[in-house]
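# Structural overview
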Amino acid sequence: MTTRRDLLAGAGLTALAIQLPLSAFAQAKDSVTIGMTLEPPTLDPTSGAAQAIREVVLQNIFEGLVAMDRTGKLVPALAESWTLAADNLTYTFKLRPNARFHDGTPFSSRDVKFSFERAVGPDSTNAQRWIFTPIESIEAPDPVRLIIKLKQPTANFVYGLSWGDAIVVSSATAANNKTNPIGTGPFKFARWNRGDRLELARNDEYWGAKPALAKAVFRFISDPQAQVAALRAGDIDVFTNLSAPEAIPQLKADPKLKVTLGKTEGETILAINNAKAPFSDVRVRQAISHVLDRKTIALGIYGFDLDYIGSHFSPLHPAYVDLTGTYPVDLAKAKSLLAAAGFPKGFECTLRLPPPAYARRGGEIVAALLAQIGITAKIEPLEFPQWLERVFKARDFDLTIISHTEPLDIANYARDDYYFQYRNPEFKALIEKIDRTVDEAERNKLYGDAQRMLARDAVNGFLFILPKITVTKADLDGMWTDWPLPLTPLAEVRWR
Amino acid sequence: MTGYLLRRLLSFFATLLSAAIVIFLVLEVLPGDPAAVTLGLNAAPEALAALRAEMGLDQPALLRFFSWIGGLITGDLGLSYTYRVPVTQLIGERMVVTLPLASMAILLASAIGIPLGALAAANHNRAGDAAVMVFAQAGLAIPNFWFGLLLVLVFAVGAGWLPAGGFPGWHAGFWPALKSLLLPAVALALPQAAILARVTRSAMLETMQEDYVRTARAKGVSRRRTMLRHVLRNALIPVVTVLGLQFSVLLAGAIIIENVFALPGLGRLVFQSIAQHDLIVVKDLVMLFSGLVVFINFAIELLYGLIDPRLRQAS
């Protein structure tokens, strides 16, 4: 017999059961949990190079005068527009009149002047001084106008302003940005449980379009298995760059998830010590290039095809030239080049590897490929600080594998003392010319010449572009799937 | 008695000081510049110099050693190179995860391991004994990171009852925080429980051969009462010793388990600060752990006295 009380209880339970998923649904609508491999050490992108800092704060908490969009194009941010005078030296920026810092202070041209002068100050630990060193003077005649005069025409000046190192900070709060960042962006810093998660909240006073998300939680999960488990358990809504490529088939099979393989600016190379014999002989380097079977390497590391490169340039940039065919896999050719260089039987060398999986796994495969022509590469795994000290700083190495993740960093090849020590006056002159060439089409043509020069000299073994593996819930839209700059802007992210 | 305590105290501090010297020297010869790690591949030399000065790395080694020791004594552990916040704050934030986790694991392990061991001893050479031994063997053989992954697969990915990892923080409420510690605590506790079961069993079997046990039985004390009052109580000494020794194993296990479950505890902090070359945190943490292990050994000796009055009188 059913009593009245049972009926009531049943009705109550049903109501609860209906309400629960609904309220969970409504809550999920305007908040998102994002998984990342590494935690940012601090939240101030002007004081450290860690990519994780920019991934969290740039274009979310902090903004620059200009921003980069998901296709790699420069777009206005705190500057509405800008003009370059006929002298190719004087930039005039028109600034947003209604932008405010999160503490309520209005944003003005004086903040920009303060930020850029601070970046080159004597105590500054800004890693990318090159962005600001071309500046001759900065004037702030009124709150919405900023005039920057350069010492000489600098083609990539505005481009550099889209980087995290060129964000605009407030003089009142700049000193605390490492732990309590105050910017002008669409999101405000809310709280940070170090080692686990960081929370952002929507900035309702934002000058631009209001973001759909009210709250975003970044969670830091370094273990690849734990990343996959968190995705499959539904603990996180999106992982920006998964460290477990082997889990892709399994994740793709899950209808609740969406997997995207995107491009980055991470040129992954077999770096060669060009100043050390026998690698100082171009024929030896060319021989190495002829045995590097990129497809085998990619399949061995990731299990799927990647975007391959034939020079130090990412296909994300409009000036990219496909040079992957310069040295087709050809063992006979490689052997004859080695013989011509005086090593018919090959030689022994070392291959020092930093910790990332692409380097450790890739190193094994590269060593096996080199062995085919008699080059015996002894593998030495190093921790990253040791790699920085010995390989990068002391240049004490023969071969190494590393990904250069900074965008448009081909100019490093013009630095004589840079760790692979490519010393070519012709290339240096070309980079100088590029720096001064303000016309974009002309500049891109010169970038093409630079790429061809590096390929011809086989400076390094050019392998592939690091993939960005994005896994999102199927009904979440707006995440960046390519990384022209490694960022996770949330302004356009929304639930469908 | 005071002389004995004084000698113990002196050796306590001598141990700590020699640990400090070794830790400092080892980290000093380790290649790699923390400033370079922070600023990355394209860092300007001026920025590197400024950061080295900010971190105090431009000072001579001896000076840095004494300022570190001075800081340890006054409770100032310095500023983390990577996070740029006081190390004491970092350790504090992580303690509230690791301490409950380790306590839960020890409690769970004792609650499972000691009764199981006692049960096995009481049923020596019978089916119950064999079953416990199989459990103990499996518990020892299964690596706890693998067991952790298995728990995640079953209870988080499969059933969806518990989170797969992470820690919402105690501010998010007691139950959500506790929920995220449950699986890792079980994963940590399993091998400990296995060891405790084995130690309890063999200690009890040994005690059962003692004269006073036979005397008690001869006097007509029930078997159950003999087991609890005489055998188990006397067998607890080796069990407590093992519990203390397990503490350092637990810390090492926590490093792995905290990584598997993405828990922001001390173990993960050790792992992260080594990877990020945050040498000041590494130094402080290794020092802290050494201190803890030395202290625990001291505490175990005090516990002996509580359990066995004879030892109290002997010293």
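Refer to the structure above for everything that follows.
So, a few notes on the structure that sits alongside this text. Positions within a chain are numbered from 1, following the residues in the order the chain's sequence is written. Numbering of ligands from 1 and lettering of chains from A proceed in the order in which they are written. Totals for whole chains, interfaces and linings use every residue, but because this is a predicted model, local features are given only for residues with pLDDT of at least 70 and side-chain atom pairs only at 80 or more, for both listing and counting. The basis for every side-chain value is the complete set of heavy atoms in the structure, and neither hydrogens nor water enter the calculation.

## Here's the deal with the overall build of chain B
Per the secondary structure count, chain B includes 13 helices and 0 strands. To qualify as a helix, a DSSP run of H or I must reach at least 4 residues; to qualify as a strand, a run of E must reach at least 2; elements of each kind are numbered from the N terminus. When the helices and strands of chain B are listed from N to C terminus, the series reads α-α-α-α-α-α-α-α-α-α-α-α-α. With respect to the three principal axes, the spread of C-alpha positions in chain B is 85 × 60 × 35 Å. Expressed as a percentage of the 315 residues in chain B, the buried residues total 48%. We call two residues in contact when some of their heavy atoms are within 4.5 Å. Counting only contacts in chain B whose residues sit at least 6 apart along the sequence, the fraction spanning at least 24 positions is 72%. Here chain B holds 22 positive side-chain charges and 16 negative ones, and the gap between their average locations is 19 Å. Using a 1.4 Å probe on the protein chains alone, a residue whose accessible area is under 20% of its type maximum counts as buried, one over 50% counts as exposed, and one in between counts as partly exposed. Charged residues are defined narrowly, with Lys and Arg counted positive, Asp and Glu counted negative, and His plus the chain ends left uncounted. Where a charge lies is defined by one atom per residue type, namely NZ (Lys), CZ (Arg), CG (Asp) and CD (Glu).

## Comments concerning the pairing of strand β9 (residues 197-202) of chain A
Residues and elements named next belong to chain A. When strand β8 (residues 187-193) meets β9, the two strands line up antiparallel, connected through 6 bridges. Considered in β9, the bridge of Asn193 is made with Arg197. Linking β8 back to β9 in an antiparallel pair, the connection comprises 3 residues, with Gly195 at a positive phi of about 90°. Should DSSP find at least two bridges between two strands, the strands are regarded as paired. Two strands pair when backbone bridges link them, and β9 and strand β10 (residues 215-220) are joined in this way by 5 bridges, in the antiparallel orientation. In the sheet register, Leu198 faces β10, and the bridge partner there is Phe218.

## A word on the nonpolar core
The criterion is simple. A nonpolar core is a set of buried Ala, Val, Leu, Ile, Met, Phe, Trp, Tyr and Cys residues joined through side-chain atoms within 4.5 Å. Leu65, Ile288, Tyr419, Phe427 and Phe464 of chain A are the most contacted members of the largest nonpolar core, which has 197 residues in total. With 11 residues, the top contributor of residues to this core is helix α12 (residues 279-307) of chain B. Once residues within four sequence positions are removed from consideration, Leu65 of chain A is found in contact with Pro76, Ala77, Leu78, Ala79, Phe93, Leu95, Val112, Phe116, Leu146, Leu161 and Val168 of chain A. Counting 45 residues, the second largest nonpolar core, distinct from the first, contains Ala229 of chain A together with Leu101, Ala177 and Leu232 of chain B.

## Remarks on the packing of helix α8 (residues 294-301) of chain A against helix α10 (residues 357-371) of chain A
The relative placement of two packed helices is expressed as an angle between their axes plus a distance between the axes. Residue and element names in this part refer to chain A. In this description, a line fitted to the C-alpha atoms serves as the axis of each element, helices being fitted only across the stretch in contact, and the angle between N-to-C directions of two axes falls anywhere from 0 to 180 degrees. Between α8 and α10, whose axes approach to 9 Å, the crossing angle comes to 140°. In terms of axis orientation, α8 runs oblique to α10. Of the two elements, α8 crosses α10, and the hand of that crossing is right-handed. Residues Thr296, Ile297, Gly300 and Ile301 of α8 lie in contact with α10, whose contacting residues are Ala357, Tyr358, Arg361, Gly362, Ile365, Val366 and Leu369. All residues other than Ala, Val, Leu, Ile, Met, Phe, Trp, Tyr, Cys, Pro, Asp, Glu, Lys and Arg, Gly among them, are scored as polar; the first ten of these are nonpolar and the last four charged. Within the contact of α8 with α10, the residues separate by chemical class into 7 nonpolar, 3 polar and 1 charged. Put simply, angles under 35 degrees are roughly parallel, angles over 145 are roughly antiparallel, angles from 65 to 115 are roughly perpendicular, and the rest are oblique. The hand of a helix crossing depends on one turn: near helix anticlockwise from the far one by less than a right angle means left-handed, and clockwise means right-handed.

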